[in-house]
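Structure at a glance
Single-letter residue listing:
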Amino acid sequence: MHGGSERLDRTIEELTKLPTIGRKTAQRLALHLIKTPAEEVAALVDAILDMKKNVRYCSECGALTEADPCPICGDTRRDRHTICVVEEPLDVVAIEKTDAYRGLYHVLHGAISPVDGVGPDELRLKELVERLRHNPVREVILATNPSLEGEATAMYLERQIAPLGAHITRLARGLPVGGDLEYADTVTLTRALEGRRKV
Ligand SMILES: [Zn+2]
């Protein structure tokens, strides 16, 4: 109990369900919200509810979008023969920022990680195989993170999609090992894309 308020306890309880938010941080956030003017708290709650209602995953590529299909999948000027495979929706945002890529995307929503109980079935791999079967794709760029999980995922993917005939490439080295694509700077990411190599 915090001075006898069950309402405060409830907020702290809900906040601790968020990733990276421990008990201490949840308490600090809750106490901060009590001090914050009501209209600011309302704006925060409204933004979260509005996002939850209107932002979804594209049914084709799995990227974050407010329209389905997303503006990238729906853009007929994009190169539909190239698919860049990434782990997370924010990786799409990072690559789009480079302006160096004009193809389509496929978001896996994670990477294979036995330690965390994530196997191939938990990722959007079947959807990728289906897309390759039904679309004239010439190149698949495996742009998973330069981490153990990312490398393992890329190797698994390569075995799965090699029989489908598209050229398979990997991003050039130079990305910080163990880092996330979404945090790579634009210049590094552009170089990695331009220097991609066959696997
Ligand atoms: Zn899409």
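This is a predicted model, so every value here is computed, not measured.

Let's talk about helix H7 (residues 186-194)
The set of residues buried in H7 consists of Thr-188, Leu-189, Thr-190, Ala-192 and Leu-193. Contacts from the buried residues of H7 go to helix H4 (89-98). Near the N-terminus of H7, the side chain that reaches the backbone nitrogen of Val-187, with its oxygen 3.2 Å away, is that of Asp-185.

A look at the sheet that holds strand E3 (residues 79-86)
Overall, mixed pairing links the five strands, which are arranged E4-E3-E5-E6-E7 in an open sheet. Each edge of the open sheet is held by one strand with a lone partner, namely strand E4 (103-107) and strand E7 (197-198). Taken together, the two bridges between strand E6 (residues 167-170) and E7 define a ladder with antiparallel strand orientation. Of the residues in E7, the one forming a bridge with Arg-170 is Arg-197. Strands E3 and E4 of the sheet are contacted by H4, whose axis makes an angle of about 155° with E4. This element, helix H5 (residues 125-134), spans E3, E4 and strand E5 (139-142) of the sheet and lies at about 150° to E4.

Observations regarding the coordination of the zinc ion
Here the zinc ion is held by Cys-58 (SG), Cys-61 (SG), Cys-70 (SG) and Cys-73 (SG), and the distances to it run 2.3 Å. Coordination at the zinc ion comes from four donor atoms whose angles at the metal span 106 to 114°, giving a geometry best classed as tetrahedral. Mapped onto the sequence, the donors of the zinc ion take the spacing C-x2-C-x8-C-x2-C.

As for the side chain of Asp-75
Note on placement: Asp-75 falls in the loop between strand E2 (64-65) and E3. Relative accessible area serves as the criterion here: at 15%, Asp-75 is assigned to the buried category. The contacts of Asp-75, once residues within four sequence positions are left out, are Arg-80 and Arg-102.

Describing a nonpolar patch on the surface
Taken together, the side chains of Leu-44, Ile-48, Met-51, Val-55, Tyr-57, Leu-64, Leu-90 and Val-93 define a hydrophobic patch exposed on the protein surface, amounting to about 710 Å² of accessible area. Sorting elements by how many residues they give to the nonpolar patch places helix H3 (residues 38-54) first, with three residues. Its place among the elements puts Val-55 in the loop between H3 and strand E1 (56-57). Residue classification places Val-55 among the partly exposed positions, given a relative accessible area of 31%.

As for H5
Burial in H5 covers these residues: Leu-125, Leu-128, Val-129, Arg-131 and Leu-132. Down the axis of H5, the smallest arc covering the buried residues is 160°, so these residues share one side. Opposite its buried face, H5 presents the exposed residues Lys-126, Arg-133 and His-134, each directed more than 90 degrees away. Residues of H5 that are buried in the fold lie against E3, E4, E5 and helix H6 (148-161).

As for the confidence of the model for the protein
Reading fine detail from the predicted coordinates is not recommended where pLDDT is low. On average, residues of the protein score 92 in pLDDT, and 95% of them are at 70 or above. Confidence, read as mean pLDDT per element, is least for E7 in the protein (82) and greatest for E4 (98).

Here is what the cut-offs are and how they apply
- Residues numbered from 1 in each chain as written.
- Predicted model: local features only at pLDDT ≥ 70, side-chain atom pairs only at ≥ 80, totals over all residues.
- Heavy atoms only, no water.
- Buried < 20%, exposed > 50% of the residue type's maximum accessible area, 1.4 Å probe, protein only.
- Helix = DSSP H or I, 4+ residues; strand = E, 2+ residues; numbered from the N terminus.
- Contact = heavy atoms within 4.5 Å.
- Polar contact = N/O pair within 3.5 Å; in protein donor to acceptor, adjacent residues only side chain to side chain.
- Pairing = 2+ DSSP bridges.
- Axes fitted to C-alpha atoms, helices over the stretch in contact; angles between N-to-C directions.
- Donors = N, O, S within 2.8 Å, 3.2 Å for Na, K, Ca; no water.
- Tetrahedral: all angles 85-135°; square planar, octahedral: opposite > 155°, others 65-115°.
- Patch = residues over 30% accessible without salt bridge, like charges linked within 9 Å, V, L, I, M, F, W, Y side chains within 5 Å.
- Areas by Shrake-Rupley, 256 points an atom, 1.4 Å probe, with all protein chains shown as cover.
- Salt bridge = Lys/Arg side-chain N within 4 Å of Asp/Glu carboxyl O.
- Arc of directions from axis to C-beta.
- pLDDT = per-residue confidence, 0-100.

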